[in-house]
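# Analysis of the macromolecular model
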Amino acid sequence: MLARSIHPEPPTDDLRWKPVIATMRRYGFAQHALIETLHTVQSTFGYQDEVAMRFVAESLRVPLSRVYGVATFYHFFQLKPPGEHTCVVCMGTACYIKGAAHLLEAMEDRWGIKPGETTPDGKVSLLTARCLGSCGLAPAAVLDGTVEAKITPPALLTDVERMSQRAHVRIETEAEEAVTA
Amino acid sequence: MTPESLTQVAEKERASSTPHSLQVCTAAGCVSSGADEVLKALKAEAKARGVACQVKGVGCLGMCQAGPLVAAEPSGHLHKFVTPTDAAEMIAHLGEPPTERLALDADQAFFKRQEKIVLENSGSIDAERIEEYVAAGGYKALAEALSDLTPSLVIKRVTASGLRGRGGAGFPTGVKWATVAKAAGPRKFVVCNADEGDPGAFMDRSVLESDPHRVLEGMAIAAFAVGAHEGYLYVRAEYPLAVKRLKLAIKQAERLGVLGRNILETGFDFHVEVRLGAGAFVCGEETALIASIQGGRGNPRPRPPFPAERGLWHSPTLINNVETFANIPTILRKGAEWFASIGTEKSKGTKVFALAGAIRNTGLVEVPMGITLREIVYDIGGGIPGDRTLKAVQTGGPSGGCIPAEFIDQPVDYETLNKLGSIMGSGGMIVIDDSACMVDVARFFMEFCMTESCGKCVPCRAGTVQIHGLLTKIARGEAGLEDLDRLETLSTMVKRSSLCGLGQSAPNPVLSTLRYFRDEYLAHVVDHRCPAGVCKIAAEGEVIR
């Protein structure tokens, strides 16, 4: 009874709140579990909206401002829902030296989106990565979880075109597996 | 598990080896090139033919651009660009030299000129099986430390080895350990900084993916030396494979009794937890990293007090980098004198570099300190591809500088690199050829620091934006000579007055390019042209987006 009054009920009956609550419970609802909890929100929902942030704030008893502060501080947490497909262009030093900026220009010319943006129809999101650690394969891009090595702007556009025509499949990336494991 | 039963585990593992083995590199680079499919195909083929050949995934074999790589043992033959369709041929001709298409010369300088301590097991053991690490001599150093040494003796050995922090700054590791050991407090922590944020560097990632137990063993030894019983491994969430292997390694080590409660039945406890970073470069700074582990924004705080005295949850905290911890087991096993015999007078041991950019052999290399840049670039790296010439070598990422080609014969050690206006850094080494514009390179790094500035102190928050603005103006050919002076003054000011290492080192790429490549800046400012043809120079009256 007491435990129920301390920890708020999830805002909806969406089953995806379960892993979020599980993460908080693993850390005994301690305030320092904030980042770990947001990681779980990110991997299950794909982004952090106000409903999720409010729920996490109440559950961990931290001010909403702090949850928002942390969610906006770290690049890994997205505040907007992602598109059906994602194209991540690596902007690490090796990729930059080998022309990664041209990949972004090509994407902007063809799809009209800059890094961090999604096409109006919600098909494709363009993101950048600080460094994929695949510097030997520069310049590299990741299309729906698959690394494309030594890619040129025309090849990237062809592959993104093909990706955008595929049916939407939710790809469980290794990152998500690792976070939820 | 006692130290004796550890030996039994090692012997059992060694006895179970097959006459042939094929080792498929399953580190990030090769996985990106399709190593998982190659591993599957080879396993299926070996099983179908019923040959006594163990096929296993191993850590980084080093030469990423030729991946997927497969090493054959005991012959030592290396195969490059392997595809699943090569499996039948490789299994049918075990022990024979590979065909010309697949052959990768294992005797070339890239492999022969390296000296491996941190990477000694990379490419030979399966990172997901603790038995293989134990068979390779793993956890022996921890066993020895716990049963035969005292904490102060361990610190003495680490001090005598001359090991310095591999995160970039090069602080003597033994001194740091002694400070934490001396600090008073009921609770102490050991933290491994695996928030490798420098773009163009992937050494720590590779160590964690290829040999995670080495880092855990180093941390446990450190915990014993300083009197800590809790530890955190702060890893980037962008390294999913490393995170997965680390979590698995911790579980295996706890099950075997070399981590957790009552380690090796000596009564010593040490618990390790993985914490995920969330993509903030500043969290590589130790006080910011502490704030992040505690669940907050990664804002640094002024030092002193240093974390060694007041760190995680106000307790004395030892923070070392992945590569630093990875050196510890070998130092204890082979002796401080042995380690100190490698390298230069003030820089001992080896350093792992992620070699990339305009170079033939990109990948991960471990070289003795004091080796010249020429040996790294031309012997190990195989030189510059095409008919291009070397312009500079960039070390230390956004915190480092560009060393021009004229200093190619200088030795790589902490002092020399500092003198040249760069830093050792964590190990990113980007080779730049004459197709790159140094103003553009400086602008790239400044954009990085500007975005990554946490915003807490004014010099860094406002200064990086202003420096970036000036560099953009110069790149467009819209700047005057007075802007160059302004750039220099501002850079020096940000360097001197920022709160933490991020701001203090952010101007380094600008200052070092101004120092060595001033002519390129002048070409943009005076002649309104970019010598390398990289920057878009504005025509009279034109506005560039």
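Residues numbered from 1 in each chain as written. Chains lettered and ligands numbered in written order. Predicted model: local features only at pLDDT ≥ 70, side-chain atom pairs only at ≥ 80, totals over all residues.

## A few points about the domain arrangement of chain A
- When cut into domains, chain A gives domain 1 (2–73) and domain 2 (85–165).
- Averaged C-alpha coordinates put domain 1 of chain A and domain 2 of chain A at centres separated by 32 Å. (Domains from an automatic or database assignment.)

## Looking at the packing of helix α11 (residues 212–226) of chain B against helix α12 (residues 240–256) of chain B
Residues and elements named next belong to chain B.
- In contact at an axis separation of 9 Å, α11 and α12 are set at 60° when each is read in the N-to-C sense. By the criterion of interaxial angle, the relationship of α11 to α12 is oblique. Viewed along their axes, α11 and α12 form a crossing whose handedness is right-handed. Only Arg245, Leu246, Ala249, Ile250 and Ala253 of α12 make contact with α11, whose side of the interface consists of Pro212, His213 and Leu216.
- Tallied by class, the residues present in the contact of α11 with α12 amount to six nonpolar, one polar and one charged. (Axes fitted to C-alpha atoms, helices over the stretch in contact; angles between N-to-C directions. Helix = DSSP H or I, 4+ residues; strand = E, 2+ residues; numbered from the N terminus. Parallel < 35°, antiparallel > 145°, perpendicular 65-115°, else oblique. Left-handed = near helix turned anticlockwise from the far one by under 90°. Contact = placed C-beta atoms within 7 Å. Nonpolar A, V, L, I, M, F, W, Y, C, P; charged D, E, K, R; others polar.)

## A word on the interface of chain A and chain B
- At the junction of the two partners, chain A supplies 36 residues and chain B supplies 40 residues.
- Sorting the residues of the side of chain A that touches chain B by element identifies α3 (34–45), α5 (64–73), α6 (93–97) and α9 (174–180) of chain A as the ones contributing at least two each.
- Class assignment for the residues of the side of chain A that touches chain B results in 23 nonpolar, ten polar and three charged.

## Describing the environment of Ala169(B)
All names here are of chain B.
- Turning to its location among the elements, Ala169 is positioned in the loop between α8 (151–161) and α9 (173–182).
- On the basis of neighbour counts, which here come to 17 C-beta atoms within 10 Å, the residue Ala169 falls in the partly exposed class.
- Sequence separation of Ala169 and Asn193 is 24 residues, and the distance between their C-alpha atoms is 13 Å. (Buried ≥ 20, exposed ≤ 12 C-beta atoms within 10 Å, placed from the backbone.)

## Brief notes about helix α22 (residues 508–516) of chain B
Residue and element names in this part refer to chain B.
- Most of α22 sits inside the fold, with seven of its nine residues counted as buried.
- Those residues of α22 not exposed but buried are Asn508, Pro509, Val510, Ser512, Thr513, Leu514 and Tyr516.
- Against the buried residues of α22 lie β14 (401–404), α18 (438–452), α19 (458–475), α20 (481–497), α21 (501–505) and α23 (518–525).

## Section: the confidence of the model for chain A
- In the predicted model, chain A carries a mean pLDDT of 88, and the fraction of residues at 70 or more is 90%.
- The low-confidence segment residues 171–181 of chain A (pLDDT under 50) makes 23 contacts with residues lying over four places distant or belonging to another chain. (pLDDT = per-residue confidence, 0-100.)

## Some points on helix α10 (residues 203–210) of chain B
- A large share of α10(B) lies buried, amounting to eight of its eight residues.
- Met203(B), Asp204(B), Arg205(B), Ser206(B), Val207(B), Leu208(B), Glu209(B) and Ser210(B) are the residues of α10(B) that are buried.

## Points about unusual backbone geometry
- A cis amide bond, omega 5°, links Glu73(B) with the succeeding residue Pro74(B).
- In this fold, Pro74(B) is placed in the loop between β3 (70–73) and β4 (78–79).
- The residue after Pro304(B), namely Pro305(B), is reached through a cis peptide bond having omega 0°.
- Structurally, Pro305(B) can be placed in the loop between α13 (286–293) and β10 (317–321).
- Phi is positive for Asp144(A), which is not a glycine, with a value near 45°.
- Within the secondary structure, Asp144(A) is located in the loop between β3 (141–143) and β4 (146–148).
- Note on Asp144(A): 18 C-beta atoms within 10 Å, which makes it partly exposed.
- One non-glycine residue, His314(B), lies in positive phi territory at about 65°.
- Among the secondary structure elements, His314(B) is positioned in the loop between α13 and β10.

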